[in-house]
Amino acid sequence: MSKLKQLTNEDLATISDDFGEILEREVSKSISMKELEDLDLDIILNYENEQLDVDVDVGVLFDELSEITQNQISQAIDEAYLKFDSYIDDNYRV
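Visitor: An account of the overall build of the protein chain is needed here, citing residue identities and associated values.
Guide: Each helix and strand counted, the protein chain has two helices and two strands in total. Seen in sequence order, the protein chain has helices and strands lined up from the N terminus as α-β-β-α. Pairs at least 24 residues apart make up 67% of the contacts formed inside the protein chain by residues separated by at least 6 positions. Of the roughly 6300 Å² that the protein chain leaves accessible, carbon and sulfur atoms contribute 41%. Averaging the locations of the 7 positively and 25 negatively charged side chains of the protein chain gives two centres separated by 10 Å.

Pasting the structure below:
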């Protein structure tokens, strides 16, 4: 695997926004958005020594009649990370 290119603050902002969109898409594929009252994504990027670490905290408020499980949310997040890895490889590796 090749290394990351030098990332600027603008790159990091774009990466954060794009990862948010990837997460929203994956969650909406796994879960009916009608069952969610609120979805809050907190994406934390740490870029040091040419290493990018990305942590996400997903806050979900379910409709009271929802049967969504935490496992479904976790699977959607895992799938989003896989797609995010491909996104980084395609756009930010040299």
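After that view of the structure, there is still more to cover.
Visitor: Describe the side chain of Glu26, naming the residues involved and giving the relevant values.
Guide: Relative to the helices and strands, Glu26 is located in helix H1 (residues 9–30). What makes Glu26 buried here is its relative accessible area of 4%. Those residues in contact with Glu26, other than ones at most four positions away along the chain, are Ala76, Glu79, Ala80 and Lys83.

Visitor: Tell me about the packing of aromatic side chains, and please be specific about residues and values.
Guide: Scanning the model with the defined rule gives four aromatic pairs in all. Note on Phe19 and Tyr81: the rings are 5.2 Å apart at their centroids and 50° apart in plane angle, and the pair reads as tilted. Here Phe19, found in helix H1, pairs with Tyr81, found in helix H2 (residues 70–92); they are 62 residues apart in sequence, far enough to count as distant. Members of the aromatic cluster, each reached through a chain of ring pairs, are Phe19, Tyr81, Phe84, Tyr87 and Tyr92.

Visitor: A description of the pairing of strand E2 (residues 51–62) should follow, citing residues and the corresponding values.
Guide: Pairing of strand E1 (residues 36–48) with E2, which is carried by twelve bridges, proceeds in the antiparallel orientation. Considered in E2, the bridge of Tyr47 is made with Leu52.

Visitor: Hey, could you go over the side chain of Asp11 for me, with residue numbers and the actual values?
Guide: As for its placement among the helices and strands, Asp11 is situated in helix H1. Residue classification places Asp11 among the buried residues on the basis of a relative accessible area of 14%.

Visitor: Describe H1, naming the residues involved and giving the relevant values.
Guide: Given 3.6 residues to a turn, an α-helix orients residues that are three or four positions apart in the same direction. The end-to-end C-alpha distance of H1, which contains 22 residues, comes to 32 Å, matching closely the 32 Å that a straight helix rising 1.5 Å per residue would cover. Among all positions in H1, only Asp11, Leu12, Ile15, Phe19, Gly20, Ile22, Leu23, Glu26 and Val27 are buried. Tucked inside the fold, the buried residues of H1 contact E1, E2 and H2.

Rules used throughout
Residues numbered from 1 in each chain as written. Predicted model: local features only at pLDDT ≥ 70, side-chain atom pairs only at ≥ 80, totals over all residues. Heavy atoms only, no water. Helix = DSSP H or I, 4+ residues; strand = E, 2+ residues; numbered from the N terminus. Contact = heavy atoms within 4.5 Å. Areas by Shrake-Rupley, 256 points an atom, 1.4 Å probe, with all protein chains shown as cover. Lys, Arg positive; Asp, Glu negative; His and termini not counted. Charge placed at Lys NZ, Arg CZ, Asp CG, Glu CD. Buried < 20%, exposed > 50% of the residue type's maximum accessible area, 1.4 Å probe, protein only. Phe/Tyr/Trp six-rings, centres within 6.5 Å; stacked < 30°, edge-to-face > 60°. Pairing = 2+ DSSP bridges. Expected span 1.5 Å × (residues − 1).

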